[in-house]
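These are the residues of each chain, in order.
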Amino acid sequence: EPEVTQTPSHQVTQMGQEVILRCVPISNHLYFYWYRQILGQKVEFLVSFYNNEISEKSEIFDDQFSVERPDGSNFTLKIRSTKLEDSAMYFCASSEGSDRGQPQHFGDGTRLSIL
Amino acid sequence: AQSVAQPEDQVNVAEGNPLTVKCTYSVSGNPYLFWYVQYPNRGLQFLLKYITGDNLVKGSYGFEAEFNKSQTSFHLKKPSALVSDSALYFCAVTRTSGNTGKLIFGQGTTLQVKP
């Protein structure tokens, strides 16, 4: 069964540094998402992306965050200047369509640790 | 604002016994409801969804869920639990407006099935 793959599995970065988290969605999927899960808290929506533009973003997704689909397969999340509170598990997800009933398929996540 | 509540942090059940993991939601209009499961160091895995129609929906691995509109609940059930069902379970809802499939998650319930 096709999977969403995320790299790296664990990223350790100094506060203030830029970090790029990478995702390869399922190949025929058109809608892409980033979520994060701070340890012990809920999974929170960050951003959705379709047709090379952001379709929705949460209040967490401020100017420090950006997303990009640089080629036909990768989907990246960039944090420009990381803060301690950015430490979390980041999940990428994709779905075949925008129909709200379409299940999203999640990657295994990238654990981001900010020192 | 839409929200999802999972009132139990942990559910313990003996192998072979039926299990129930509770979920209630608050959303205007007709919700789309989902259950996801997360095994250690893995991403969220889709189990089942309710869109419309029959209030009892069946999903993967023998799980089912019952939609109850009057009680605004969507409890996850399984007639006979397995030790391998031990994992973290998330209930989620999508909004009734907008085109994106942004998922709003509950805080998660740890299911522990003992032999």
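Refer to the structure printed above.
The text that follows walks through the structure, step by step, so that each part is easy to find.

So, the environment of tyrosine 90 of chain A
All names here are of chain A. In this fold, tyrosine 90 is placed in strand S9 (residues 88–95). Residue class for tyrosine 90 comes out buried when judged on its relative accessible area of 0%. Counting along the chain gives 53 residues from tyrosine 90 to glutamine 37, while the straight-line C-alpha distance between them is 6.4 Å. Residues in contact with tyrosine 90, not counting those within four places in the same chain, are Gln6, Leu21, Trp34, Tyr35, Arg36, Leu46, Phe65, Leu77, Ile79, Gly109, Thr110 and Leu112.

Let's talk about the state of the cysteines
Residues and elements named next belong to chain B. According to the stated counting rule, one finds 2 disulfides over all chains in the structure shown. Each sulfur in the disulfide pair cysteine 23 and cysteine 91 lies 2.0 Å from the other. Taking the torsion about the sulfur-sulfur bond, which here is approximately -65°, the covalent link between cysteine 23 and cysteine 91 counts as left-handed. Taken together, the residues cysteine 23 in the loop between strand S3 (19–21) and strand S4 (24–26) and cysteine 91 in strand S10 (residues 87–94) connect sequence positions 68 residues apart. Owing to a relative accessible area of 0%, cysteine 91 belongs among the buried residues under this scheme.

Brief notes about the interface of chain B and chain A
Taken residue by residue, the interface counts 26 residues in chain B and 21 residues in chain A. With both chains or domains summed, chain B and chain A bury close to 2,000 Å², and 52% of this area falls on carbon and sulfur atoms. Sorting the residues of chain B by area buried against chain A places Leu44, Thr100 and Phe105 of chain B first, and these three jointly supply 24% of that buried surface. Put simply, chain B and chain A have 2 salt bridges between them. For aspartate 108 of chain A, the salt bridge goes to arginine 42 of chain B, with nearest N and O atoms at 3.0 Å. Where chain B meets chain A, there are 7 residue pairs in polar contact (both at pLDDT 80 or more). At the level of elements, strand S5 (32–38), strand S6 (44–50), S10 and strand S11 (103–105) of chain B are the ones that each hand at least two residues to the side of chain B that touches chain A. Among the elements that take part in the side of chain B that touches chain A, S5 of chain B stands out by supplying 4 residues, more than any other. The residue makeup of the side of chain B that touches chain A, split by class, is 10 nonpolar, 12 polar and 4 charged.

Basis of the calculations
Position numbers for residues start from 1 in each chain and track the written sequence from start to end. Just so you know, chain letters begin at A and ligand numbers begin at 1, following the order they were written in. In keeping with the model being predicted, local features are shown solely for residues with a pLDDT of at least 70 and side-chain atom pairs are shown and tallied solely at 80 or more, while totals for entire chains, interfaces and linings include all residues. Only hydrogens and water are set aside; all other atoms, that is, all heavy atoms of the structure, feed into the side-chain values. The secondary structure listing takes helices from DSSP runs of H or I that are at least 4 residues long and strands from runs of E that are at least 2 residues long, numbered from the N terminus. Buried, partly exposed and exposed residues are distinguished by accessible area as a fraction of the type maximum, computed with a 1.4 Å probe on protein chains only: under 20%, between the cut-offs, and over 50%, respectively. By definition in these notes, contact holds between two residues if any of their heavy atoms fall within 4.5 Å. A pair of cysteine sulfur atoms is labelled a disulfide when the two atoms are within 2.5 Å. Throughout, buried area stands for the accessible area (probe radius 1.4 Å) lost by two parts on being put together, summed over both. For this analysis, a salt bridge means a side-chain nitrogen from Lys or Arg found within 4 Å of a carboxyl oxygen belonging to Asp or Glu. Polar contacts, as counted here, are pairs of nitrogen or oxygen atoms within 3.5 Å of one another; within protein the pair requires one atom able to donate a hydrogen and one able to accept it, and residues that are adjacent in sequence qualify only if both atoms are side-chain atoms. Each residue is assigned to one class: nonpolar for Ala, Val, Leu, Ile, Met, Phe, Trp, Tyr, Cys and Pro, charged for Asp, Glu, Lys and Arg, and polar for all the others, Gly among them.

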